[in-house]
Amino acid sequence: MIDVNFETKVNEARAKELIGLIKADPMGGWANLPLEIDQKELARIKKAAEKIRSESEVLVCIGIGGSYLGHRAIIEALGEKDIDIIYAGNSLSHRELDKSLAAIEGKDFSVNVISKSGTTLEPAIAFNAFKEKLIEKYGESEAFKRIYATTDATHGTLHDEAVEKGYKRFVVPDNIGGRYSVFSAVGLLPLAAAGIDIDALLSGAYEMAKSLDESDPKFAKNPILKYAFMRHDLGERGYDTEVFASFEPATMYFNEWLKQLFGESEGKNGQGIWPASVVYSTDLHSLGQFMQDGRRNLWETIIDFPTDDLNSKVVEAVKKAHSAGGIPVLSLDVPSYDEYGFGELIYFFEMACAISAKLFGVNPFDQPGVEAYKSELKKLMEVQ
């Protein structure tokens, strides 16, 4: 199981109270999800993934934010095994969309569009473009058999279209927000299609979730709680920036998921810790200078996977140098660089983030700032 290299005081009663509030929250369905996996739904996901792999060279995953970052993080880290995965609908750049469209030329492909409402601008534009390509290549009837819609269970623009056109449908649960949705169909379908062992992934998450046993006499020593309370303690002491550090270049998108998870969950009401990230040893030759000698308002959280002897020496050198440079250095020791290890890691950060946000007195599950930008964009588009 994930371990941490630091000690901090955990208020056991407060921790139990916050976990209870998180699990009882209308958007807290993710907290018990690894312990309550719907085996029938899991079988549907695996069957759909097999079909995608059997008839397609490429799967286009269309979504933005929590609809794609979590599963992309794992796929990028572990690599596609059976199919190419390309991503679209996560920006409004026509150059990026054109590049994605060019990547499917001459190839058999399927589309997994992930959107609870179906009205979010970026994925909606991309979905229309790829739908046209599917119809052009296969004809309308066959094209619709290659579309997999992960959306609301009962209503919404995408739901209604999927019912009308006969797309294979999977559900974005009402009680799970996007950035906490990796262990739902949002993440599991593209992961399974990519050849990721989702059973091993869920096993890692299960063990991490199970470790939060309130009857365990060592409950207050749980690494999730130690990390969450340490973050709050550092924040209260004036450290306002956390730098997530990895030593594996393929984990860059895992860092991106972390920034979304913590940024959207904590950054409210003038509260929260600014999440940043580096990938070493590359960034030791750029941002490493700031880490060593810049403003001392930050700390470093090293995600330490098992590695070879040379990289392990770099890890130790960084810990010693940056600690000597005057910043707190936290280390999370991940047992394995595989599906199981990432299952543990995803759940670890989800729960730690939710607890940390609660400690700062904010709601971990809304994103009013994101809605504010959408509102202003809508006004500007209406003027045009």
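Worth saying up front: this structure is predicted, and the values here are computed from it rather than measured.

A. Broad picture of the packing of helix 10 (residues 223-236) against helix 14 (residues 339-359). Between helix 10 and helix 14, the shortest axis-to-axis distance is 9 Å and the interhelical angle comes to 40 degrees. What the angle tells us is that helix 10 and helix 14 run oblique. Both helix 10 and helix 14 take part in a crossing whose hand is right-handed. Two secondary-structure elements touch here, helix 10 through P223, I224, L225, Y227, A228, F229, R231 and H232 and helix 14 through Y347, F348, F349, M351, A352, I355, S356 and L359. Residues that form the contact of helix 10 with helix 14 fall into these classes: 13 nonpolar, two polar and one charged.

B. Structural view of the nonpolar core. If you look at the biggest cluster of nonpolar residues, it comprises 87 residues, and the most contacted ones within it are W30, Y227, F254, W257, Y347, F349 and I355. Per-element tally for this core: the top contributor is helix 14, with twelve residues. Excluding its chain neighbours within four sequence positions, the residues that come into contact with F349 are Y227, F244, F254, W257, L258, L261, F262, I303 and L332. Counting 24 residues, the second-largest nonpolar core is a separate cluster that includes L97, A143, F144 and A149.

C. Fine view of the packing of helix 2 (residues 39-55) against helix 8 (residues 185-193). Remark: helix 2 packs on helix 8, axes separated minimally by 8 Å, with the N-to-C direction vectors making an angle of 40 degrees. Comparing the axis directions of helix 2 and helix 8 gives the class oblique. Where helix 2 crosses over helix 8, the two elements pack in a sense that is right-handed. Here E41, L42, I45, A48, A49, I52 and R53 of helix 2 come into contact with helix 8, specifically with A185, L188, L189, A192 and A193. Per-class residue counts for the contact of helix 2 with helix 8 are ten nonpolar, no polar and two charged.

D. View of helix 8. Burial analysis of helix 8 places nine of its nine residues in the buried class, the great majority of the element. Along helix 8, the residues that are buried comprise A185, V186, G187, L188, L189, P190, L191, A192 and A193.

E. Spatial organisation of the sheet that holds strand 4 (residues 109-114). With parallel pairing, the five strands of this open sheet are ordered in space as 3-2-4-5-6. Among the strands making up the open sheet, the edge pair consists of strand 3 (84-88) and strand 6 (168-171). Shown here is a sheet whose adjacent strand axes are inclined to one another by a mean of 20 degrees, direction ignored. Against the sheet, helix 2 makes contact with strand 2 (58-62), strand 4, strand 5 (147-151) and strand 6, and its axis sits at roughly 135 degrees relative to strand 6, the strand it touches most. Each of strand 2, strand 3, strand 4, strand 5 and strand 6 is contacted by helix 8, which is oriented at about 155 degrees to strand 5, the strand it contacts most.

F. Quick peek at the environment of S93. Structurally, the position occupied by S93 is in the loop between strand 3 and helix 4 (94-103). Here R95 takes part through its backbone nitrogen, which lies 3.3 Å from a polar atom of the side chain of S93.

G. Molecular detail of the pattern of salt bridges. For the structure shown, the criterion picks out 26 salt bridges. The partner of K133 in a salt bridge is E105, and the shortest N-O contact between them spans 3.2 Å. A residue pair is termed long-range when its members are at least 10 positions apart, and K133 in helix 5 (residues 121-138) and E105 in the loop between helix 4 and strand 4 qualify at 28 residues. Of the charged contacts in the structure, one is a salt bridge between K313 and D309, with a shortest N-O distance of 2.7 Å. Taken together, the residues K313 and D309, both in helix 13 (residues 309-324) and four residues apart, mark about one turn of the helix. Given a relative accessible area of 53%, D309 falls into the exposed group. One salt-bridge network, held together by shared partners, links E7, K221 and K226.

Procedures and definitions
- Residues numbered from 1 in each chain as written.
- Predicted model: local features only at pLDDT ≥ 70, side-chain atom pairs only at ≥ 80, totals over all residues.
- Heavy atoms only, no water.
- Axes fitted to C-alpha atoms, helices over the stretch in contact; angles between N-to-C directions.
- Helix = DSSP H or I, 4+ residues; strand = E, 2+ residues; numbered from the N terminus.
- Parallel < 35°, antiparallel > 145°, perpendicular 65-115°, else oblique.
- Left-handed = near helix turned anticlockwise from the far one by under 90°.
- Contact = heavy atoms within 4.5 Å.
- Nonpolar A, V, L, I, M, F, W, Y, C, P; charged D, E, K, R; others polar.
- Core = buried A, V, L, I, M, F, W, Y, C linked by side-chain atoms within 4.5 Å.
- Buried < 20%, exposed > 50% of the residue type's maximum accessible area, 1.4 Å probe, protein only.
- Pairing = 2+ DSSP bridges.
- Polar contact = N/O pair within 3.5 Å; in protein donor to acceptor, adjacent residues only side chain to side chain.
- Salt bridge = Lys/Arg side-chain N within 4 Å of Asp/Glu carboxyl O.

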